[in-house]
Structures are given as structure tokens and as C-alpha cells.
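Descriptive analysis of the structure
Here is how the chains run, residue by residue.
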Amino acid sequence: MGRMPRRILFVSSEVAPFAKTGGLADVSSALPVALAQHGLDVRVFMPKYGSIDAVSAGFLASTRWVESNLWDKSAKITLFQSKIPGSSVPIYFVSYDPFFDRPDLYQEDGKDYPDNLERFALFCHVVLKRIRPDGWIPDIIHCNDWQTGLIPAIIAAYRSENRLFRELKTLFTLHNIGYQGLFPEDRLPLSGLQPWQFTIGGVEFYDSISLLKAGLVYSDWITAVSPTYAEEIQTPEYGKGLEGVLQHYSDKLSGVLNGVDYSIWDPSNDPVIAKNYSDTDLTGKAVCKQELQRECSLPIEPDVPILAVISRLDDQKGFDLLSAILEDLLKLGVQFVMLGTGDAAYERYLTKLAEKYTYQVAVNITFNDDLAHKIEAGADIFLMPSKYEPCGLNQMYSLRYGTIPVVRRTGGLNDTVSEFDRSTGEGNGFTFTEYAPHAFYRAAMNALSVYWGNKDLWRQIQQTGMRQDFSWDASAARYIELYNHLSL
Ligand code: ADP
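Figured I'd write up the structure that's included with this text. (Residues numbered from 1 in each chain as written. Predicted model: local features only at pLDDT ≥ 70, side-chain atom pairs only at ≥ 80, totals over all residues. Heavy atoms only, no water.)

For the protein, the count of helices and strands is 19 helices and 20 strands. Looking at the protein residue by residue over its 488 residues, the buried ones come to 60%. Counting only carbon and sulfur atoms, one obtains 50% of the accessible surface of the protein, whose full area is about 19500 Å². Averaging the positions of the 45 positive and the 60 negative side-chain charges in the protein gives two centres separated by 4 Å. (Helix = DSSP H or I, 4+ residues; strand = E, 2+ residues; numbered from the N terminus. Buried < 20%, exposed > 50% of the residue type's maximum accessible area, 1.4 Å probe, protein only. Areas by Shrake-Rupley, 256 points an atom, 1.4 Å probe, with all protein chains shown as cover. Lys, Arg positive; Asp, Glu negative; His and termini not counted. Charge placed at Lys NZ, Arg CZ, Asp CG, Glu CD.)

A separate point is the sheet that holds strand β17 (residues 361–364). Strand order in the open sheet made by the six strands is β17-β16-β15-β18-β19-β20, with parallel pairing throughout. Each edge of the sheet is formed by a strand with only one pairing partner; in this case those strands are β17 and β20 (430–432). Across the sheet, the mean angle from the axis of one strand to that of its neighbour is 15°, orientation sign disregarded. Pairing of strand β15 (residues 306–310) with strand β18 (residues 381–384) involves two bridges; the strand directions are parallel. Considered in β18, the bridge of L307 is made with I381. Sheet strands touched by helix α17 (residues 437–453): β15, β18, β19 (404–408) and β20. Its angle to β20, the strand with the most contacts, is close to 165°. Across the sheet, helix α18 (residues 455–466) lies against β18, β19 and β20, angled at about 75° from β19, the strand it touches most. (Pairing = 2+ DSSP bridges. Axes fitted to C-alpha atoms, helices over the stretch in contact; angles between N-to-C directions. Contact = heavy atoms within 4.5 Å.)

So, about the site of the ligand. Contacts to the ligand come from 18 residues, most closely from G23, D26, R312, K317 and T366. A distance of 2.7 Å is found between an oxygen atom of the ligand and a side-chain nitrogen or oxygen belonging to R312. Residue N394 places a side-chain N or O atom 3.3 Å away from an oxygen atom belonging to the ligand. Relative to its unbound accessible surface of 560 Å², the ligand loses 94% to contact with the protein. Every element with two or more residues in the shell around the ligand is listed here: α1 (23–37) and α15 (394–400). Split into classes, the residues belonging to the shell around the ligand amount to five nonpolar, eight polar and five charged. (Near = heavy atom within 4 Å. Polar contact = N/O pair within 3.5 Å; in protein donor to acceptor, adjacent residues only side chain to side chain. Nonpolar A, V, L, I, M, F, W, Y, C, P; charged D, E, K, R; others polar.)

Going through the model one piece at a time under the given rule, you end up with 15 salt bridges. Among the salt bridges present, the one from E118 reaches R187, with a minimum N-O distance of 2.9 Å. Of the two residues, E118 sits in helix α3 (residues 116–130) while R187 sits in the loop between β10 (182–184) and α6 (188–191), which places them 69 residues apart along the sequence. Looking at E118, the relative accessible area reads 15%, which means it is buried. (Salt bridge = Lys/Arg side-chain N within 4 Å of Asp/Glu carboxyl O.)

Among all residues except glycine, the phi angle is most often negative; among peptide bonds, the trans geometry is most common. P17 follows A16 through a cis peptide bond whose omega is 0°. With respect to the helices, strands and loops of the structure, P17 is situated in the loop between β1 (7–11) and α1. Positive phi values are uncommon outside glycine, yet D109 reaches one of about 50°. Secondary-structure assignment places D109 in the loop between β6 (107–108) and β7 (111–112). Residue D109 is classed as exposed on the basis of its relative accessible area of 79%.

Here a ring pair, both rings aromatic, is described through the centre-centre distance and the interplanar angle of the planes. Going through the model one piece at a time under the given rule, you end up with 17 aromatic pairs. Residues F205 and Y206 carry aromatic rings whose centres are separated by 4.8 Å and whose planes lie at 80° to one another, so their mutual orientation is edge-to-face. Here Y206 falls in the exposed class, since its relative accessible area comes to 66%. The aromatic ring of Y262 is capped on one face by R400, whose charged end is 3.8 Å from the ring centroid. (Phe/Tyr/Trp six-rings, centres within 6.5 Å; stacked < 30°, edge-to-face > 60°. Lys NZ or Arg CZ within 6 Å of the ring centre and 35° of its normal.)

On to the packing of α3 against helix α4 (residues 150–158). Running from N to C, α3 and α4 point in directions that differ by 55°, and their axes come no closer than 9 Å. Here α4 runs oblique to α3, going by the angle between their axes. In terms of crossing hand, the pair formed by α3 and α4 is right-handed. The segment α3 lies against α4, with A121, C124, H125, V127 and L128 engaging L150, I151, I154 and I155. Looking at the contact of α3 with α4, its residues break down into eight nonpolar, one polar and no charged. (Parallel < 35°, antiparallel > 145°, perpendicular 65-115°, else oblique. Left-handed = near helix turned anticlockwise from the far one by under 90°.)

Moving on: the sheet that holds β10. A sheet is described by the order of its strands in space; here three strands give the open sequence β10-β12-β11, paired in antiparallel fashion. Single-partner strands in this sheet number two, and they are β10 and β11 (204–205). The pairing of β10 with strand β12 (residues 208–210) spans three bridges and is classified as antiparallel. Bridging from a neighbouring strand, L182 pairs with S210 of β12. Most of the contacts of helix α7 (residues 211–218) go to β12, to which it runs at about 55°, and overall it touches β10, β11 and β12.

We now examine the pairing of β15. Burial analysis of β15 places five of its five residues in the buried class, which makes it a mostly covered element. Here β15 shows no split at all, with I306, A308 and I310 on one side and L307 and V309 on the other all buried. The sheet contact formed by β15 and strand β16 (residues 335–339) spans five bridges and is parallel. For L307, the partnering residue across the bridge sits in β16 and is F336. Crossover handedness for the path β15 to helix α12 (residues 319–330) to β16: right-handed. (Right-handed = clockwise from strand over helix to strand, strands pointing away.)

Worth remembering: the numbers are spatial, not functional.
This is how it looks when you write it as C-alpha cells:
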């Protein structure tokens, strides 16, 4: 048996609270901390974006060196160091202003930055260079999504000639197969990949370079962020063209559910919400509801249910289903609170809806972490009709906040939300399977009929969800098992 791996280099393009566009950022701060709590020596790497302020991010030391062998020019790259807040886990920021000092992470005005290949290739190469001169040599590199897909591919390409790479194992976590990092073939020299890697068995995906496929093919193990999603992505409906690759590598693929960081998402100690509450005393939730209605300029009505959505406005999240049934629900007198940014057409639709239903609808087209907490605390029902959902975090936050989820049974939603059964009293929410408005409507109506018809039962469902434990502890233990398995 090999030795137990202890040193984990965790690489991600976003880490909360430094930079975040979605759930990846939450995972990338909570998982390393949970691994460290299990006794592992973890270090994190991310790019230093323009939005990260050196002072508030607590930058400590910096190292400067010259990177010269990727493209025939030298780029001056600085490495800043800090800690993941509330922990002693070191995080390193790869700073190269021409690439990363920009208003956003991957795109602006809905258009990807044209040099994303170079940007993330540079990031990956710096990470790989960094593990050599420093005495700290990881046992495992844990990569995440297409932005880090070059790391396993480059390690694989140089394993035979590089002793360090030979001993390194790579684990690649797939957070969303919808983002594949596709680039034209002629850009291959900019990636640092070897020409022989541009084949169907390598990084080629329909004549393009796919950095996601690079990660899938060349890593030693792949995880998807929920067991159901790990199965779904092997089918044409969910695989986005990569189902064949994933079937081929199914013996190195498993699903590990993301966890919730309850130090941030727990109504009993959430500093942002109007009043704290817990499963044994939910009175504070009524105060949070009142405060949410006030803040959203909605009539203060304790008995009118608030349905909520917090989400990127994207086809993935089922906004076509939502827009098909929302007005029918509003006609029943419910209130609807929404927080999200994204697709301009959905932003327009929702803004119009808020104008039409002034007294029932509050639409917040912005990214606002505090408001997300207030909505989780103040709402009654949380809607997630996703077309696909790799894991999903908001349904787990909702469960802890006693906000009952109505979800489509897919991916992580399927692994965390179970249909309430009146006969047994089991179940923590309401679900539907068919991707169709009538199915979603029926599930929402099932929730509303309990809300309106039986307050005791409603309380029981809330408590079932609030008492469940989706903390990182169990998931971190699963990752450690995988690290150990890889080192055998
Ligand atoms: P995804 O990663 O697909 O966007 P998840 O449910 O896994 O979906 O994670 C989304 C995360 O982003 C959650 O923490 C959620 O609260 C947060 N979020 C999404 N949109 C907003 C927004 N407009 N304002 C604040 N937080 C948001």
C-alpha cells in the first residue's frame, strides 16, 4: 500500500469570498477548509482578478518571478498569499494584470473574453511551475472545471520525463458540463499541450480544443458534484456531447455531493437576517418574512406565501417553465421574490412582471449576498425547476432555513429533496420529473395546498429539512477516501 496522501493542491478559478460567479466559489472555499479540518495539508490557487482588493483580501507575502517558456515572451507574474477567511488554509493568487485585471472573471456583456485560453493556460502553468521550486510538493492536485483542465493534461504529457509529475495524482471535479472551455484548433500552441494530444482520444472535441475534455481524459479520477449528476452526464440528454467520453471513463468517475457551509448558511447564527431562529423555535422566521416584505416593498401579509428564486438567469435553471406558470400562481394571490442576474431576455421579462404585479412581485436584478440570506430566511417556498442541476446549493440552504423547496428531480436536487408523503410524514419538499409547465405547476400547487390547508403539516416539513445535515464533513471524508484510493 502507498502512503496516505496528505498534501493537496486545490486549484479553482473562483473562491468565495474573493471572487464568485456561482456554486464553484462556495465549494472552493468550504471544501479545502473541511479537508484541513480532517488533518490534510491543503493549499489553494486562484487567479487574482481586478475585483480582488489586496487590502481587504489580506494579502501577505508576494513572490515575483518571470515566466518565459510558454509563449516566447516573458510575463511578469506575482504570487500573493493570504488565508481562506476563518481558517488557516493558505491561498495563493496568481497575479498577471494584462490577463486578470478586468471587471469580470470570464466574460463581459455576455461575451467571453477572447483570450480565455491564454488566460487560464497561464494560470495552470504557473500552478505547475510553483510546485517545483518550493519545498512543498503536493501528493494530489485537485482541479475544478475547464479553467483547470490543462493541469491533468500537461502532467500526463510530461509524466515519463518528469519524476515529480510521475508521483502526482490528479482529481478533476466537474461542476457543470455546460461550460466546456472550447477554443479553435490553431490556438493549440498557446495552451502548452502537445500536438499529439489533439486527437479524439485526447483534447479534441468536434475540431475544437476542449479544456474540459482535457481534464476528463487525463485526470486520474473524475468526480461530478452529485451522484445523480454523475449518472446523468453519461446520457445524451445531459452529457452535452461528452456522454461518450464519460461512459468510456466510467470506471474512474463517481459523484460526491457538495456540502453546505453552515458557518455561513444557518438561521440560528446568520448575522444578516432580521431575527435568528431554529428548528425548535421558528418565530424569528415570521420576523424575517415581515422584514423581507418591507424591504421588497410588498404588502406585509404574514399569511400570504412568498415564493422565491435566487439564481443565475439561465436556460439551465428552468426559467421557461417558471415563466409559463408564474402568472397562474400570482392569480392565486401569492407573492414572488426573485434575485438574479444573467440572460437579458429573462431580465426584461421579470422586470415587466414586477411592473405589472407591483403588489405581488419584487425583482432584484443584481448580485447581492446579503439579500440572498434575507430571502432564504423570509420566504416560504423556494422554486428550482432546473433543466439540469449538477448539485445546486440553494435548495440545501432553503432546507436549513425552513423554506420548503419545490424542485425538478434532477442531479443534486434529486439527491437532496424528497417528495413529502402525507401518509408517512416523510419527505422534505415537493418534486416533479417531467420537464413541463404542468408538472411544475402541480408540484407548486401541492406545496401551496399544504401551506394553506395544514399549518402543522407545513411546520413538520420545515423541521424535517432544518434537521438534515448536508455539511461538508461527510463530503470531505468521501474526497479523502478517493485521494487515498488514488495513492494506492
Ligand atoms: P450555480 O453554481 O449553477 O449558479 P448553485 O445553486 O450551485 O448554482 O450556486 C449558486 C450560488 O450563487 C448560491 O450560493 C447562490 O446563493 C448564489 N447566487 C446566485 N445568484 C445570486 C445573486 N444574484 N445574488 C446573490 N447570490 C447569488
